[in-house]
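# Descriptive analysis of the structure
Below are the chains, spelled out letter by letter.
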Amino acid sequence: MKILVIGSGGREHALARKFMKDPMVTEVYCAPGNPGMVSDGIKCLDISIQEIEDLIAWAQKNKIAWTFVGPEEALFNGIVDQFRQAGLKVFGPSQEAAQLESSKKFAKELLLQNQIPTAEFKSFNQLDQAISYLEKQSFPLVIKADGPAAGKGVIIAKDFEEGQKALQEILSDHRFGDQAAVVIEECLTGPEFSFFSLVGAGQTLHLPTAQDHKRAYDHDLGPNTGGMGAYAPVPFVSDSLYQEVIETIVKPTLEAMIKAGIPYTGVLYTGLMLTEDGPKVIEFNTRFGDPETQVLMELVADDFAQVIGNLLANKPTQIHLKSDQASALGVVLAAEGYPNQAIQGSVLDSLVSSKPDSVQLLMAGVTDKDQSLVSQGGRILMAVSTADDLSQAYHDVYTYLDSHPVAHTFYRHDIGAQAIVKEEIAQ
Ligand code: AMP
Ligand code: GLY
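Throughout what follows, the structure given in this document is the object of discussion.

About the cut-offs
Residues numbered from 1 in each chain as written. Chains lettered and ligands numbered in written order. Predicted model: local features only at pLDDT ≥ 70, side-chain atom pairs only at ≥ 80, totals over all residues. Heavy atoms only, no water. Helix = DSSP H or I, 4+ residues; strand = E, 2+ residues; numbered from the N terminus. Rg over C-alpha atoms; globule rule 2.2 N^0.38 Å. Contact = heavy atoms within 4.5 Å. Lys, Arg positive; Asp, Glu negative; His and termini not counted. Charge placed at Lys NZ, Arg CZ, Asp CG, Glu CD. Core = buried A, V, L, I, M, F, W, Y, C linked by side-chain atoms within 4.5 Å. Buried < 20%, exposed > 50% of the residue type's maximum accessible area, 1.4 Å probe, protein only. Near = heavy atom within 4 Å. Polar contact = N/O pair within 3.5 Å; in protein donor to acceptor, adjacent residues only side chain to side chain. Areas by Shrake-Rupley, 256 points an atom, 1.4 Å probe, with all protein chains shown as cover. Nonpolar A, V, L, I, M, F, W, Y, C, P; charged D, E, K, R; others polar. Salt bridge = Lys/Arg side-chain N within 4 Å of Asp/Glu carboxyl O. Patch = residues over 30% accessible without salt bridge, like charges linked within 9 Å, V, L, I, M, F, W, Y side chains within 5 Å. Arc of directions from axis to C-beta.

### Remarks on the overall build of the chain
Check the secondary structure of the chain and you find 14 helices and 23 strands. The C-alpha atoms of the chain give 21 Å as radius of gyration, which agrees with the globular expectation for 427 residues (22 Å, within 12%). Across its three principal directions, the C-alpha atoms of the chain cover 60 × 50 × 45 Å. For the chain, contacts bridging at least 24 residues in sequence account for 67% of all contacts bridging at least 6. Measuring between centres, the 33 positive side-chain charges of the chain sit 4 Å from its 55 negative side-chain charges.

This is the structure we're talking about:
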């Protein structure tokens, strides 16, 4: 069986490598992939995620069993609809269903109409109306651009002036592209966690919880990034909280989508906050998280490709974990300057060649130069360890990274640190 993965980052490396491990799979292709994947036997294709017709033609010619879509951009461009129209099996949501991520207004209205717990909100498409609403509110408040904004469209406004500035930037200065609307919502407090569900036509499976670290520097300081590290599972999510998320949030959301005539399939990534009133939805993403996937794939068993194949074929299936006890923790090595102007060209060979067995490397912003692997991009790679507890995984990853410094790169030193303190107190 041949499989195609769409995308080129660490998330896609982790997925493609996991699919390779399934005995049913003969070849895994990644379009466009990156040169760091090749040593795992993954074959990279020189077709970009925008060239949907070329991807379809290639998948047909090469008799691909099914395709897994990594990045949201491809979903928002309707890749799933086009693959399906061409008679190809593909795991992901339709363009319309991907509105759960591509339009915050769509997602919030669906939640509100179906009494699914989330922050209270109002949406506006006129600046003057949004400002007069803001004048009557107390702060802090959260202001969100409706559509995709490269992870920068969420502003926590401490007072009216900050709120007004954010509204102007979104609706009149078009700082985040062409945004049709803005969402103004209540500011929730509490720890955040991510919940991943795999949705087939007739069944839904759930993965362990994960937590991302979005700020660039230690102690959650610095600018927001795509994610600087992650761990799974999240110790403060008890079995009963996990079930509560399924029953009060994930299931009702999927039912609401069916009721709206937009059935959802693919990965549903629910971003949650555990508030004093229980778990509430912060956002939906319609694909796997990066870097959460890199740690999750270390926890799931090697029949994961069969699980996806069964979901696509509507055959009853379940997710197997390698162990019920394991934890995985991963740290992103980023280029100096990221998330702004990232320095490129750091040679990675010595880091890669001295990797111990206890660490896995998932490659993202890398390229080949003079037979060396060098950095090319903000998030370069992620080092992940799996162990019986988070503190051992933390120890393994940091021992490795700390002893192999790479010029013009940096990483956070506190991925999972708060969870480890809590884990130790609980023991
Ligand atoms: P989003 O892009 O919607 O995930 O928002 C990015 C980040 O903003 C989240 O991970 C939260 O840390 C924060 N955030 C979003 N919505 C809220 C909210 N209603 N209350 C507090 N923080 C929020
Ligand atoms: N790790 C955050 C995201 O993938 O959106």
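That covers the picture; the talk isn't over yet.
### Overview of the nonpolar core
Membership of the largest hydrophobic core comes to 59 residues, with the highest contact counts inside it found for Leu100 and Leu329. If you tally residues by element for this core, the top one is helix 9 (residues 239-259), at 9 residues. Membership of the second largest hydrophobic core comes to 41 residues, among which are Ile42, Leu205, Tyr269 and Phe304.

### Overview of the site of ligand 2
Taken together, the residues surrounding ligand 2 are Asp212, Gly226, Tyr269, Asn285, Arg287, Gly289, Asp290, Pro291 and Glu292. In this structure, a nitrogen atom belonging to ligand 2 sits 2.8 Å away from a side-chain N or O atom of aspartate 212. A distance of 2.8 Å is found between an oxygen atom of ligand 2 and a side-chain nitrogen or oxygen belonging to arginine 287. In isolation ligand 2 exposes 200 Å². Once the protein is present, 86% of that is buried. Grouping the constituent residues of the shell around ligand 2 by class yields 2 nonpolar, 3 polar and 4 charged.

### Description of the site of ligand 1
Neighbouring residues of ligand 1: 15 residues in total, closest Glu185, Glu186, Leu188, Glu192 and Glu283. Here glutamate 186 contributes a backbone N or O atom positioned 2.9 Å from a nitrogen atom of ligand 1. Taken by itself ligand 1 offers 470 Å² of open surface, and the protein chains cover 85% of this. Mapped onto the shell around ligand 1, the elements with two or more residues apiece are strand 7 (141-145), strand 8 (154-157), strand 9 (182-186) and strand 17 (278-285).

### A short note on the pattern of salt bridges
Side-chain pairing between opposite charges can occur once the charged atoms of the two side chains come close. Overall, the coordinates contain 19 salt bridges when judged by the stated rule. The residue glutamate 101 makes a salt bridge to arginine 287 at a minimum N-O spacing of 3.0 Å. Residue glutamate 101 is found in helix 5 (residues 99-102), and its partner arginine 287 is found in the loop between strand 17 and helix 10 (292-299); the two are separated by 186 residues along the sequence. Neither glutamate 101 nor arginine 287 differs from the other in exposure class; each is buried. Taking the shortest distance from any N to any O, the salt bridge between lysine 144 and glutamate 185 comes out at 3.1 Å.

### What to know about a negative patch on the surface
Together, Asp46, Glu51, Glu53 and Asp54 make up a negatively charged patch on the protein surface. Residue classification places aspartate 46 among the exposed positions, given a relative accessible area of 81%.

### Observations regarding the environment of tyrosine 394
By secondary structure assignment, the location of tyrosine 394 is in helix 13 (residues 390-403). For tyrosine 394, a relative accessible area of 25% corresponds to the partly exposed category. Linking tyrosine 394 and leucine 329, residues 65 residues apart in sequence, is a C-alpha distance of 6.3 Å. Setting aside its immediate chain neighbours within four residues, tyrosine 394 contacts Leu329, His413, Asp414, Ile415 and Ile420.

### Considering unusual backbone geometry
For the bond running from alanine 232 to proline 233, omega is -10°, close enough to zero to count as cis. Each neighbour pair has its own omega, and for aspartate 290 with proline 291 the value is 25°, a cis peptide bond. Here proline 291 shows up in the loop between strand 17 and helix 10. Here the phi dihedral of aspartate 220 falls at roughly 55°; this positive angle occurs in a residue that is not glycine. The residue aspartate 220 is located in the loop between strand 13 (215-217) and strand 14 (221-224) in this model. On the accessibility criterion, aspartate 220 (42% relative accessible area) is partly exposed.

### Re helix 7 (residues 127-135)
Since there are 3.6 residues in each turn of an α-helix, residues three or four apart along the chain are aligned in direction. Along helix 7, the residues classified as buried are Ala130, Ile131, Tyr133 and Leu134. Taken around the axis of helix 7, the buried residues stretch over an arc of 160°, which confines them to a single face. Exposed and facing more than 90 degrees away from the buried side of helix 7 are Asp128 and Glu135. The inward-facing, buried residues of helix 7 abut strand 6 (121-124), strand 7, helix 8 (160-171) and strand 9.

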